[in-house]
Amino acid sequence: MYDDLRCEFPLPAEGANALSYQTKDTPAQFCEQYVIREDGTLWGEEYDTEGQSDRDAEDMMRLIGCATRVNRRPVQVTDFTGKLRFYTFEKDSFDDRDPGAWVEWSSYFVGGKLKEVHLISDTRAARAEAMAGLPPDNRTREAKLNAVFTPPARRL
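Keep in mind the model is a prediction, meaning the values are calculated, not measured.

K.L.:
Give me the packing of aromatic side chains: which residues, what numbers.
P.N.:
Applying the stated criterion across every chain, the model contains four aromatic pairs. When the ring of Phe 80 is compared with that of Phe 109, the centres are 5.9 Å apart and the planes differ by 65 degrees; the resulting orientation is edge-to-face. One end of the pair, Phe 80, is in the loop between β5 (68-76) and β6 (82-90); the other, Phe 109, is in strand β7 (residues 101-110), and 29 residues separate them in sequence. Given the relative accessible area of 9%, Phe 80 is considered buried. Its relative accessible area of 0% is what places Phe 109 among the buried residues.

K.L.:
Mind laying out the nonpolar core, listing which residues take part and the relevant values?
P.N.:
Formed by 19 residues in total, the largest nonpolar core has its most connected members in Leu 5, Leu 11, Tyr 21, Ile 36, Leu 42, Phe 86 and Trp 105. Of all elements in the fold, only β1 (3-7), β3 (33-36), β6, β7 and β8 (113-122) reach the threshold of two or more residues within this core. Top element by residues in this core is β7. It accounts for three residues.

K.L.:
So, the pairing of β3: which residues are in play, and what are the values?
P.N.:
Remember that side chains alternate between the two faces of the sheet whenever the strand is regular. Direction of pairing for β1 relative to β3: parallel, over a ladder of four bridges. Within the sheet, the bridge partner assigned to Asp 4 lies in β3 and is Gln 33. In this structure, β3 lies alongside strand β4 (residues 42-50), joined through two bridges in antiparallel fashion. Following the sheet pairing, Ile 36 is matched in β4 by Leu 42.

Quick notes on the rules
- Residues numbered from 1 in each chain as written.
- Predicted model: local features only at pLDDT ≥ 70, side-chain atom pairs only at ≥ 80, totals over all residues.
- Heavy atoms only, no water.
- Phe/Tyr/Trp six-rings, centres within 6.5 Å; stacked < 30°, edge-to-face > 60°.
- Helix = DSSP H or I, 4+ residues; strand = E, 2+ residues; numbered from the N terminus.
- Buried < 20%, exposed > 50% of the residue type's maximum accessible area, 1.4 Å probe, protein only.
- Core = buried A, V, L, I, M, F, W, Y, C linked by side-chain atoms within 4.5 Å.
- Pairing = 2+ DSSP bridges.

Have a look at this one:
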């Protein structure tokens, strides 16, 4: 699986701190939440779980909420040493003209403290350039949803 990561440490690329990232390099790999704080320390969270599923639901719907995270509390990760790559892909799913943008960072931690961070890839400028020459997509939200979720017409 993967974990989610926010970076509050100042990244040397405009707008990069506002993005939400994923990583496969953190210890948990179970959709956990991590933060690289402004001071470069790595934080995760501890939590309790409780069942909040609907006992009257049918089939797979009974599983929703079966292990809801409650009593969330931040915890500093002091025993992590190694490389942590984090990345994101942003795209307008409703606009098939949008090529999307990939942003990826490589960082190195010692004892849960950030020592280095390097930009590996940032295709946001290329995305903006590709989209700049296109006319705006003025379709309504409903029209965009229909374009994505309506199956194509059958050919005879």
